[in-house]
Amino acid sequence: MDKLTSTKLKHIRNIIMIAGIVAAFIIWLFIPWVIENNRLVHVGNGRFGSKIGFLLILGFPLFGLIPHRPEEEIHTDDPIERARIEEEWEKASAKIQIILTAAEGLTACFVMFLAVVFG
């Protein structure tokens, strides 16, 4: 089996991110233009709101782009060892980003689904 490098993991993250945004947008298309605000769905002020406010939720999966690197320092003079450690850190960061991107994409889809059902 081919080992996953940090670059491949970042490509996987980007694919999941795009899929989450597209899926949430497709669900957004089914939200009525005017929504009666209630406890679960609330956009704008007053009794009614526009579905345009839900477009902000499409950006949730983008939070997966925030890097998660350790605060440690590398204490070696060997460039090969330094590159190996940096690659491990990048892979660990990319795995965390994949999990966050998937969770945030599902959250965006769930919120859009709530707006379709209760809006």
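Conventions and cut-offs
- Residues numbered from 1 in each chain as written.
- Predicted model: local features only at pLDDT ≥ 70, side-chain atom pairs only at ≥ 80, totals over all residues.
- Heavy atoms only, no water.
- Helix = DSSP H or I, 4+ residues; strand = E, 2+ residues; numbered from the N terminus.
- Rg over C-alpha atoms; globule rule 2.2 N^0.38 Å.
- Buried < 20%, exposed > 50% of the residue type's maximum accessible area, 1.4 Å probe, protein only.
- Contact = heavy atoms within 4.5 Å.
- Expected span 1.5 Å × (residues − 1).
- Core = buried A, V, L, I, M, F, W, Y, C linked by side-chain atoms within 4.5 Å.
- Salt bridge = Lys/Arg side-chain N within 4 Å of Asp/Glu carboxyl O.
- Phe/Tyr/Trp six-rings, centres within 6.5 Å; stacked < 30°, edge-to-face > 60°.

Before going further, it helps to spend a moment on the overall build of the protein chain. Looking only at helices and strands, the protein chain has two helices and two strands in total. Starting at the N terminus, the α and β elements of the protein chain follow one another as α-β-β-α. Relative to a compact globule of 119 residues, whose C-alpha radius of gyration would be 14 Å, the protein chain shows 20 Å and is clearly more extended. The principal-axis extents of the C-alpha atoms in the protein chain amount to approximately 65 × 30 × 15 Å. By the burial criterion, 29% of the 119 residues in the protein chain qualify as buried. In the protein chain, once contacts between residues fewer than 6 apart in sequence are set aside, the share between residues at least 24 apart is 67%.

Between the first and last C-alpha of helix α1 (residues 6-28) there are 33 Å, a value that for 23 residues agrees with the 33 Å anticipated at 1.5 Å per step. Of the residues making up α1, those classed as buried are S6, L9, R13, M17, G20, A24 and W28. Lining the buried residues of α1 we find α2 (79-118).

What follows covers the nonpolar core. With 13 residues, the main nonpolar core has A24, I31, F54 and M112 as its most contacted residues. Of all the secondary structure elements, the ones that give two or more residues to this core are α1 and α2. Tallying contributions element by element places α2 first for this core, with four residues. Dropping the residues within four chain positions of it, I31 is found in contact with K51, F54, M112, A115 and V116.

Moving on, we get to the pattern of salt bridges. A side chain of one charge can pair with a side chain of the opposite charge if their charged atoms are brought near each other. Following the criterion strictly, the structure yields five salt bridges and no others. A salt bridge links R69 to E90; the shortest N-O distance between them is 2.9 Å. Placement of the pair is R69 in the loop between β2 (48-50) and α2 and E90 in helix α2, with a sequence separation of 21 residues. A salt bridge links E81 to R84; the nearest nitrogen and oxygen atoms lie 2.4 Å apart. Pair noted here: E81 and R84 are both in helix α2, with a separation of three residues, about one helical turn. Given the relative accessible area of 39%, R84 is considered partly exposed. Counted as one network, the salt bridges with shared partners bring together K10, R69 and E90.

According to the stated counting rule, one finds two aromatic pairs in the structure shown. Note on F25 and W28: the rings are 5.5 Å apart at their centroids and 20° apart in plane angle, and the pair reads as stacked. With F25 and W28 both in helix α1, this residue pair falls three residues apart, about one helical turn. Residue classification places F25 among the partly exposed positions, given a relative accessible area of 36%. Aromatic pair W28 and W33: ring centres 6.2 Å apart, planes at 75°, arrangement edge-to-face. Judged by relative accessible area, which is 55%, W33 ranks as exposed.

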